[in-house]
Amino acid sequence: MKSLWVRKVVRNVLLLTALVIVSVQTLSWSWSVVGWLSSGGNALAGRKVRSFGNDQQKAVISDAPVQKTVLVGLLTIPEKIQRRALIRSTYLQVKPDTVDFVFVFGRIKSPQLAHLVGLEQRKYGDILVLDCEENMNDGKTWHFFKTVATMFGVGGGGGAGEGIGTDNGRKEAGTGTNALSGPYQFVMKADDDVYLHLPNLDRRLRNIPATGTYFGREVVGHNFMAGMGYAVSWDIVSWIGSNPPETQSIVGQEDAKFASWLRKGKKVKNWVSENQEFYDDPLFTSPWVGKGWAHEYTPGTILIHRCKDDGAFLNASAHFLGHLVEDAKLSPGKILSKVKQSG
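Attention here is on the structure that accompanies the text. (Residues numbered from 1 in each chain as written. Predicted model: local features only at pLDDT ≥ 70, side-chain atom pairs only at ≥ 80, totals over all residues. Heavy atoms only, no water.)

Turning next to the overall build of the protein chain. Helices and strands together make up the secondary structure of the protein chain, namely 10 helices and 12 strands. For the protein chain, with 343 residues in total, the buried portion stands at 47%. By element, 57% of the accessible surface of the protein chain is carried by carbon and sulfur atoms, the whole surface being about 17,500 Å². (Helix = DSSP H or I, 4+ residues; strand = E, 2+ residues; numbered from the N terminus. Buried < 20%, exposed > 50% of the residue type's maximum accessible area, 1.4 Å probe, protein only. Areas by Shrake-Rupley, 256 points an atom, 1.4 Å probe, with all protein chains shown as cover.)

Following this line, the structure appears as structure tokens:
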């Protein structure tokens, strides 16, 4: 009996010791994630990333040697983990190779949330944390474009986009005829309550001028593109990176402020308002604006706004991605059959 009692005591001590070791290791790793997210190492994880500066690794977003069409930055907040999961499960599945996509937010204050986002980043590597407080109308948009410009070596002087060697400013593959220093033709900002059709976005941007361009949907009478989403060509991104506006020009209704920067800098040569394919959810209505820009889904859809509710978002996904799951009957027999075949 005594021997049995001793064995139980030893077993319990060993279990307790193991739990303490695991707890300490987990806490240490969690705080290292917190420190990483709160420090200058805010760029995309899973790749070789240095602190922001002119020597920043230019491949943190795109490893491709050729210029891509667009980098889309979806401005959101750290807490919206479920919305990010929903986006990854839907329209990001059909993202063209010529499009890069990141979720963008400011510094994370909560250690617990930083831990969760660190795990998320470790798996997906598609989060860009800006070196600013999380905010809505206090310069977040400017920080995003500035950060992208800085990540690709812009900000110390001359603007990219000078000396363009082709009529429409596009780089001819392999010819080296374009002086653009970034890997994207365009950089786009979008809100997290939109559904994006990335293949249509890619096609549309490839058919508009790639210099001096401001693309979105104009708020008529206010001379700026609606905040649901807009893109500018790389030469404008470079200019933003090299010419920071005054503080008072950053703070305020950011989408209107953004347009005012471009007007003051006389940078926009091509004002492209997409009035049909940027629209509100078909079922949207409100006491203030009625149906707004709502209409039925169209084949050329680029962006659908007012999808704050997951139901509206999933309706759009079912419409545009339904063909991808027509043969995926989610019955145990079907799944088991596929597992056996793959085995």
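Turning to the packing of aromatic side chains, a few remarks are in order. Evaluated as defined, the whole model comprises 17 aromatic pairs. Geometrically, the ring pair formed by Tyr91 and Phe313 is tilted, given 6.0 Å between the ring centres and 40 degrees between the ring planes. Of this pair, Tyr91 sits in the loop between helix H2 (81-89) and strand E2 (99-107) while Phe313 sits in helix H9 (residues 310-321); the two residues are 222 residues apart in sequence, bridging distant segments of the chain. Looking at Phe313, the relative accessible area reads 0%, which means it is buried. Among the aromatic residues, those joined into a cluster by ring pairs are Tyr91, Phe101, Phe103, Tyr195, Tyr297, Phe313 and Phe320. Sitting over the ring of Tyr124, Arg88 keeps its end group 4.0 Å from the ring centre. In this structure, Lys123 packs its charged tip against the face of Tyr124, placed 5.6 Å from the ring centre. (Phe/Tyr/Trp six-rings, centres within 6.5 Å; stacked < 30°, edge-to-face > 60°. Lys NZ or Arg CZ within 6 Å of the ring centre and 35° of its normal.)

Counting buried positions over the nine residues of E2 gives eight, a clear majority of the element. As judged from the four bridges shared by E2 and strand E3 (residues 127-133), these two strands associate in the parallel manner. Paired with Phe105 across the bridge in E3 is Val129. (Pairing = 2+ DSSP bridges.)

Next up on the list: the sheet that holds E3. Taken together, the seven strands give an open sheet; going across it, the order is E3-E2-E1-E4-E9-E6-E10, and neighbouring strands pair in mixed fashion. If you trace the sheet from one side to the other, it starts and ends with E3 and strand E10 (270-273), each paired once. The mean angle between the axes of side-by-side strands here comes to 20 degrees, regardless of whether they run parallel or antiparallel. Sheet strands touched by helix H6 (residues 234-242): strand E4 (184-191), strand E6 (213-216) and strand E9 (229-233). Its angle to E9, the strand with the most contacts, is close to 90 degrees. (Axes fitted to C-alpha atoms, helices over the stretch in contact; angles between N-to-C directions. Contact = heavy atoms within 4.5 Å.)

Here helix H4 (residues 140-151) crosses H6 at 100 degrees, and the two axes come no closer than 8 Å. Taken together, the axes of H4 and H6 lie roughly perpendicular to each other. Facing Trp142, Phe145, Lys146, Val148 and Ala149 of H4, the residues of H6 in contact are Trp234, Val237, Ile240 and Gly241. Broken down by class, the residue content of the contact of H4 with H6 amounts to seven nonpolar, one polar and one charged. (Parallel < 35°, antiparallel > 145°, perpendicular 65-115°, else oblique. Nonpolar A, V, L, I, M, F, W, Y, C, P; charged D, E, K, R; others polar.)

A few words on the side chain of Arg217. Counting through the fold element by element, Arg217 comes out in the loop between E6 and strand E7 (218-219). At a separation of 2.7 Å, a polar atom in the side chain of Arg217 contacts the main-chain carbonyl oxygen of Phe278. Beyond its immediate stretch of four places on either side in the chain, Arg217 contacts Phe224, Met225, Ala226, Met228, Ser273, Glu274, Asn275, Phe278, Tyr279 and Trp293. (Polar contact = N/O pair within 3.5 Å; in protein donor to acceptor, adjacent residues only side chain to side chain.)

For the rest of this paragraph, the subject is the sheet that holds strand E11 (residues 278-280). Ordered in space as E5-E12-E11, the three strands form an open sheet in which the pairing is mixed. Bordering the open sheet on either side are strand E5 (195-196) and E11, each of which pairs with just one other strand. Bridging between E5 and strand E12 (residues 303-305) involves two bridges; their strand directions are antiparallel. Note on E12: the bridge partner recorded for Tyr195 is Ile304.

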